[in-house]
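Residue-level structure breakdown
Here is how the chains run, residue by residue.
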Amino acid sequence: MAKKAKYKRVLLKMSGEALAGEGYGISNEIITQIAKDVAEAVDLGVELGVVIGGGNIFRGVAAAANGMDRASSDYMGMLATCINSLAIQDAFEKIGLETRVQTAIEMAEIAEPYIRRKAIRHLEKGRVVIFGAGTGNPYFTTDTAAALRAMEINAEVIMKATKVDGIFDKDPALHKDAKKFEEINYIQVLNGGLKVMDSTAISLCMDNRLPILTFNMTVPGNIARAISGDPIGTIVK
Ligand code: GTP
């Protein structure tokens, strides 16, 4: 039997670093693979919102640590997410997906401004909506933006795509016996300092009972597996 989406509407959060591969910037090969994976997921019948980070181009937190004014560096990071949003829009449309980019900071010549009701309408029409420029505010991460947008569009789950298979009790890169959790709760994540998302994002999800599925997106086909409800990754609820 053909697979179907387990969820009606999902917010997918991808890291900017994932686009870079080994280097800096945007790897054409990687975004093409991501587009294929997203198309496979959309074919299952899910409505998909996407938030992408900007760390492959500019990391606001790192620049602030080096002495730059935090608000300025965060704004630069937000602009980086817009560059990535346009890059993935291009890759998605090349393989036939319908998309819209909406940005939290207005740049109407480049993309639509973020309008919640319009975003929902696009989703209902089967378009992948890519949300750029984070929340539009400094001091908030793109994880928090993803949590916020997920809530606003009434997504059933936020899927955090990473380079690891899920959440482990210790660093799997350093410890061979690290154990992966299938399910864990928000408080365990917060108290354990487990690096799933920052504490603002986790708290927002917890307060609004939004589950977070974290999984490895570097395995081709995993986005569709997650959307169809295959038991991959770790779910925080
Ligand atoms: P529906 O008519 O509701 O199906 O949505 P639509 O997005 O197709 O209609 P609309 O006329 O709003 O948009 C047509 C095209 O213009 C789409 O590619 C939009 O992304 C784009 N567009 C709409 N508003 C803006 C804007 O403020 N800035 C930019 N740059 N593009 C926009």
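Data block above holds the structure.
The following refers to the structure shown. (Residues numbered from 1 in each chain as written. Predicted model: local features only at pLDDT ≥ 70, side-chain atom pairs only at ≥ 80, totals over all residues. Heavy atoms only, no water.)

Direction vectors running N to C along helix 2 (residues 28-43) and helix 4 (residues 70-94) enclose 60 degrees, while the axes themselves pass 9 Å from each other. When the axis of helix 2 is compared with that of helix 4, the two are oblique. Between helix 2 and helix 4 the crossing geometry is right-handed. Contacts between helix 2 and helix 4 involve Ile31, Ile34, Ala35 and Val38 from the former and Ala87, Ile88, Ala91 and Phe92 from the latter. Per-class residue counts for the contact of helix 2 with helix 4 are eight nonpolar, no polar and no charged. (Axes fitted to C-alpha atoms, helices over the stretch in contact; angles between N-to-C directions. Helix = DSSP H or I, 4+ residues; strand = E, 2+ residues; numbered from the N terminus. Parallel < 35°, antiparallel > 145°, perpendicular 65-115°, else oblique. Left-handed = near helix turned anticlockwise from the far one by under 90°. Contact = heavy atoms within 4.5 Å. Nonpolar A, V, L, I, M, F, W, Y, C, P; charged D, E, K, R; others polar.)

To continue, consider the pairing of strand 5 (residues 128-132). Looking along a regular strand, one sees the side chains alternate between the two faces of the sheet. Counting buried positions over the five residues of strand 5 gives five, a clear majority of the element. As defined by bridge partners, strand 2 (residues 47-52) adjoins strand 5 across three bridges and the pair is classed as parallel. Directly across from Val50, in strand 5, lies its bridge partner Ile130. Judged from the five bridges that link them, strand 3 (residues 99-103) and strand 5 form a sheet pairing that is parallel. Looking at the pairing, Val101 lines up with Ile130 of strand 5. (Buried < 20%, exposed > 50% of the residue type's maximum accessible area, 1.4 Å probe, protein only. Pairing = 2+ DSSP bridges.)

In the vicinity of the ligand, the residues found are Arg100, Ala108, Glu109, Ile110, Ala111, Glu112, Pro113, Lys118, His122, Lys125 and Arg127. Within the side chain of Glu112, a nitrogen or oxygen atom sits 2.8 Å from an oxygen atom of the ligand. Bound to the protein, the ligand loses 50% of the 630 Å² it would expose on its own. In terms of residue class, the shell around the ligand is built from four nonpolar, one polar and six charged. (Near = heavy atom within 4 Å. Polar contact = N/O pair within 3.5 Å; in protein donor to acceptor, adjacent residues only side chain to side chain. Areas by Shrake-Rupley, 256 points an atom, 1.4 Å probe, with all protein chains shown as cover.)

Once that is clear, we can look at the pattern of salt bridges. Tallied over the entire structure, the rule returns 14 salt bridges. The residue Arg9 makes a salt bridge to Glu47 at a minimum N-O spacing of 2.7 Å. On the criterion of sequence distance, the pair formed by Arg9 in strand 1 (residues 9-14) and Glu47 in strand 2 is long-range, its members being 38 residues apart. One salt bridge in this structure joins Glu17 and Arg59, with 2.5 Å as the shortest N-O distance. With Glu17 in helix 1 (residues 17-20) and Arg59 in the loop between strand 2 and helix 3 (60-65), this pair connects stretches of sequence that are 42 residues apart. (Salt bridge = Lys/Arg side-chain N within 4 Å of Asp/Glu carboxyl O.)

Locating Thr81 in the fold gives a position in helix 4. Its relative accessible area of 2% is what places Thr81 among the buried residues. A polar side-chain atom of Thr81 sits 2.6 Å from the main-chain carbonyl oxygen of Met78. Not counting residues within four places of it along the chain, the set of residues in contact with Thr81 comprises Ile52, Gly53, Gly54, Gly132, Ala133, Gly134 and Thr142.

Such coordinate-based values are descriptive only and should not be taken to indicate function.
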